[in-house]
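Architecture at a glance
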There are 2 protein chains.
Amino acid sequence: MTLSTRGLGAALLAGALALVAQAPARAGDEAEVKDFLLDNGMEVVVVPDHRAPIVTHMVWYKIGSADEPPGKSGIAHFFEHLMFKATANHAAGEFDRAVADIGGSNNAFTSYDYTAFHETVTPSALEQMMGFEADRMRNLILTDDVIKTERDVILEERRSRIDSNPQAVLDEEVDATLWQNQPYRIPVIGWMQEMEQLNRTDAKAFYDSYYRPNNAVLVVAGDVDPGAVKAMAERTYGKIARGPDLPPRIRPVEPEQNTKRTVTLTDARVSVPSFSTQWVVPSYHTAKPGEAEALDLLAEILGGDNHSRLYQQLVVKQGIASEAAAFFQGTMLDATNFTVYGSPRGDAKLSDVEAAVDAEIARIAREGVTDDELERAKTRYVRSMIFARDKQDDMANMYGSTLATGGNVKDVQEWPDRIRKVTAGQVKAVAARYLVFDHSTIGYLLPQQQAGN
Amino acid sequence: MTLSTRGLGAALLAGALALVAQAPARAGDEAEVKDFLLDNGMEVVVVPDHRAPIVTHMVWYKIGSADEPPGKSGIAHFFEHLMFKATANHAAGEFDRAVADIGGSNNAFTSYDYTAFHETVTPSALEQMMGFEADRMRNLILTDDVIKTERDVILEERRSRIDSNPQAVLDEEVDATLWQNQPYRIPVIGWMQEMEQLNRTDAKAFYDSYYRPNNAVLVVAGDVDPGAVKAMAERTYGKIARGPDLPPRIRPVEPEQNTKRTVTLTDARVSVPSFSTQWVVPSYHTAKPGEAEALDLLAEILGGDNHSRLYQQLVVKQGIASEAAAFFQGTMLDATNFTVYGSPRGDAKLSDVEAAVDAEIARIAREGVTDDELERAKTRYVRSMIFARDKQDDMANMYGSTLATGGNVKDVQEWPDRIRKVTAGQVKAVAARYLVFDHSTIGYLLPQQQAGN
C-alpha cells in the first residue's frame, strides 16, 4: 500500500508504481543516466529526457512504515504530511503556491520502505524546487499545534479510507495475518489507537533520525543537463550537513509458514463476494539470482493481463468470474507477497471461482509454462518498457523505488536482460516452490447474506 | 506459554501456574503476609507457612518475551538459561550443586511478562540461596563461548519442543494470527532465525537493562519469620546497587478485530483432529472492575471442569467429544485470550464438535448463566483456593505472577471477595461482548487423510 498526501495523486501514483515495477528504461538510454554522491552522502540520479521542456524532481527518503518504532505505527506517513508545514524560511503553503504559480504539480507518498516528495515543473524552476525541498529537509517548525492539527487530518484519513471501506479493513487484517513477524504486517497509515498518540517528541525524533541527506536519494528526470543538475544540487542540498550514520535496515524476518490461514470479513455493504490468496515470496532485494524475475513472469503469465491463463480460463472460457488476476510486488526491501484474486460473475459461486483459480495454479506448478507463453510474456514486458520510457514520472519512480529498496542504477539498467534470461524451468520452479496451498493466506470478503458461503 | 530451563520442571510449573490463576490465599492468612521495599527498589513479599520446615525462595524479574526488542525474539528465555552459568564468584553448576547437596530443588521459567528463578530448601539454607541469587543478578560472566554453547541448547530446545510437534507449530501460528500487533504474538522461545543470531552484545544489553533489584520481586513463602527474611534480604540483595529507572512497560496494543480468522495445520503425525477458538479479552491488569473476574467464572461455568456445560453436553450427553473445555488466562500485563477447544470421539466429526461448542457459547451469551451455576462455580473456586493454600509453591507463584504483571499484594488478597461479588448478569455480559464468532481466531489440527474435513 502506498499513501499520498493528496487523494488524487495517490491513485495515480499507485498505478504508476505498479507499472514501473515492470518497466525499466530502454538499454539505449543507459549511457545518459548519471549517478553520483554529494559530499554529505546524498545520492543523485539524473535521467535526461529532452522530448519536452519539463522536469520531474523527486526526493526519496529511505524510511517507510516498516522502519517505525514499535507502537508508533503511522509516524512515517504522518511525517510526510508534516513536511508540508511551515519551515524557518517559508510559511506553510508557500512551496505549494510556488509550484502552482508556474503551472507545475507536486505531491508526496509513503510506502513500507520509503517516503518520497516530488514536483513536475519547467526546467527553469528546478533549482527553486531544490531550494524548497532542501529547506524542508532540516528546517521544519514542529509545534504542538502543528502536530495536533495534522494528526486530526490523518485520523480522518484513516476513518474515510480504511475504516469505512470493508475491503480496506479486510486487507489490513489479511496483511497482519500473512506477515506474523516482518513489519509489512503493520498498515502504512497506522493503527488508530497508535496514531492517536503520535506526538511532537515522536515527530522530532523521527525527523532528526531520517530526514538527512545521507538517507535520501534525489532523482531528476527531464529536460536537463546532468552537469547543471549536479551544480544545482551542490548549491542547495549540498549545504546541508550530513546526519549521523544510520544502522543497516535490518528488520525482523518472517518465519517459515507451516499453516493455511483464512481471514473472513462479512459486511452488509459488500454486494459481490471476492477472495484473494497470498504467499510470502522473495523480493528483488532478497531473492537468489533469477527468482524474482521468474516470479514477475509467473505473475504475468498466470494473471498479468487479459492474455493471462486466469483471465482466459475463468473470465473468457468458463465465464464464471468477473475478474481473476495475479500480481507480484517485487520492488521491496524485504520478502514480499505474491497474490491471486478473483470474484464471481452472474450465478457462479465464490467457491467455484476459487477452485478454478487454484486449479490453474496447481497446473502451472505441476506442468510449468510453454516456451511460447514465456516469450510472449517477455515481449509484453518490452512493450511496457517502451510505454514507461514515454512517461517521465514512471522513469523517475523506477529509479527512486529501486535505490530506496537496496538496489542501484545498474540493477535498473540490467533488469530487462535479466528478464530475458529467465527460462520456463525457472518459472515452473518458483510456482512449485512458493505457491503451496497449505502454506497460503486467503482473504474472503462476503456479503451479509452469503455469510455461510 | 511458559518455558523452563529443565524439561520436567516446565510441565510441573506450567500446571501450577494454570492452577494458581484460580487460587488465592485464604483471607485468614492475609494479616501474616508482609511486603516491603529494599532501599535499592527490590520488592519483597514474605508469606509465612509453618506447617513444614521448608521454604520456597523465588526471584521474579519484570521482563518477559513480550518486552524483547524487535528481531531479538527468544532473548528473555535465552537469558534465563544464561543465569545458570558462571559468575565472578561461583563456577557454573556450583549453585545447582549447593541446592542438590542439601536435598533441595531449583528451576526457572520464562513467560510473556516475567522470568522467575526459584529454589525450595530447608529454612537454614535460605540466606545461602539469597546469596547465590543476588550474585547472579549482576555478576554473570558472559563470554562468546558461553553464549555459543547455550544458544545451541535453546536451538535444540526449539527443535524438540516446537518444530517436531504439530500442535506446538500450530499454536505458534494461531498466536501470531490472533495477535496482530501486541507482542504476545511472538513465541516465548523465539523464532528460529532470530534465536540463531542472538549474541553476547544482545545478552549483555538485556542483562544490564533488566536484571536489576529495582526490576525484581523477591517472594519467600515458608517456615520463616518476616523480620528475619528482611534482614537476610538486606544483607544479600540489599548490597546490589539500584539500576537505572526503567520506562513504563507500555507495549503495542492490539487493534480491534473485524474478521474471523482460521489457521489450519494438516500433518501425518496427527491421529485425532482438534480445534480451538480464541478471542482477545481483557486481563486482570487491563479490565474494567469486575470484567476479568466475570471472565474467570465464565470459563469455569462454560468449560472449567467435568461439571462444566461443554463437558456435560458434548462428552457426557451427546458423547461426540473426547474433550471440550474453556480457559481464560487472566494474569497477564496486557490484553489476553479466552479459549475454547474440543476434539471428536469415535465416529463424530470435528465439525460436529465445533458446532456443538459454538451452540453452547451462543446459548450462554444469549441466555446467561443461572444463579445456581454461578454459586457452584464460586464454590469450586473456594475449594481450589484451599487446595492452593496447601501448596507452598502455588502461593509463591500467585504472589509473584500478580506482582510481576502490574498487581499488588492487596489485589491477591481481595481477589476472592471480588470473585464472590460477580453477578450472573456480568457473566452473560462478558460472554455476549467478547465471544463473537465473526471476530474469533480458530486453529485446526488435522490428520493428513482428513485434509478436506
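Criteria and cut-off values
- Residues numbered from 1 in each chain as written.
- Chains lettered and ligands numbered in written order.
- Predicted model: local features only at pLDDT ≥ 70, side-chain atom pairs only at ≥ 80, totals over all residues.
- Heavy atoms only, no water.
- Contact = heavy atoms within 4.5 Å.
- Buried area = accessible area lost by both parts, 1.4 Å probe.
- Salt bridge = Lys/Arg side-chain N within 4 Å of Asp/Glu carboxyl O.
- Polar contact = N/O pair within 3.5 Å; in protein donor to acceptor, adjacent residues only side chain to side chain.
- Domains from an automatic or database assignment.
- Helix = DSSP H or I, 4+ residues; strand = E, 2+ residues; numbered from the N terminus.
- Buried < 20%, exposed > 50% of the residue type's maximum accessible area, 1.4 Å probe, protein only.

**Quick look at the interface of chain B and chain A**
Taken residue by residue, the interface counts 28 residues in chain B and 28 residues in chain A. Taken together, the two surfaces of chain B and chain A that pack against each other cover about 2,300 Å², and 46% of this comes from carbon and sulfur. Where chain B packs against chain A, one counts two salt bridges. Taking the shortest distance from any N to any O, the salt bridge between Glu173 of chain A and Arg261 of chain B comes out at 2.7 Å. In this structure, the connection of chain B to chain A is made through 21 residue pairs in polar contact (both at pLDDT 80 or more).

**Quick look at the domain arrangement of chain A**
Where interface size is given, it is often the accessible area lost as the parts come together that is meant. Residues and elements named next belong to chain A. Segmenting chain A into domains produces domain 1 (34-239) and domain 2 (261-447). Look at where the C-alpha atoms of domain 1 and domain 2 centre, and you get two points 28 Å apart. Contacts between the two partners involve 38 residues from domain 1, matched on the other side by 36 residues from domain 2. Contact between domain 1 and domain 2 buries roughly 2,900 Å² in total, counting both sides, with carbon and sulfur atoms accounting for 65%. Three residues stand out in domain 1 for area buried against domain 2, namely Pro166, Leu170 and Leu178, and they jointly supply 20% of the buried area on that side. Summed over the shared surface of domain 1 and domain 2, the number is zero salt bridges. Counting every contact that joins domain 1 to domain 2 gives 11 residue pairs in polar contact (both at pLDDT 80 or more). Elements with a minimum of two residues in the side of domain 1 that touches domain 2: strand E3 (43-48), strand E4 (55-61), helix H6 (166-178) and strand E7 (216-222). Broken down by element, the side of domain 1 that touches domain 2 gets its largest block of residues, nine residues, from H6.

**Regarding the side chain of Ser401 of chain A**
Residues and elements named next belong to chain A. Relative to the assigned elements, Ser401 resides in helix H14 (residues 392-404). For Ser401, a relative accessible area of 4% gives the class buried. Looking at Ser401, its side chain comes within polar contact range of the main-chain oxygen of Met398, at 3.4 Å.

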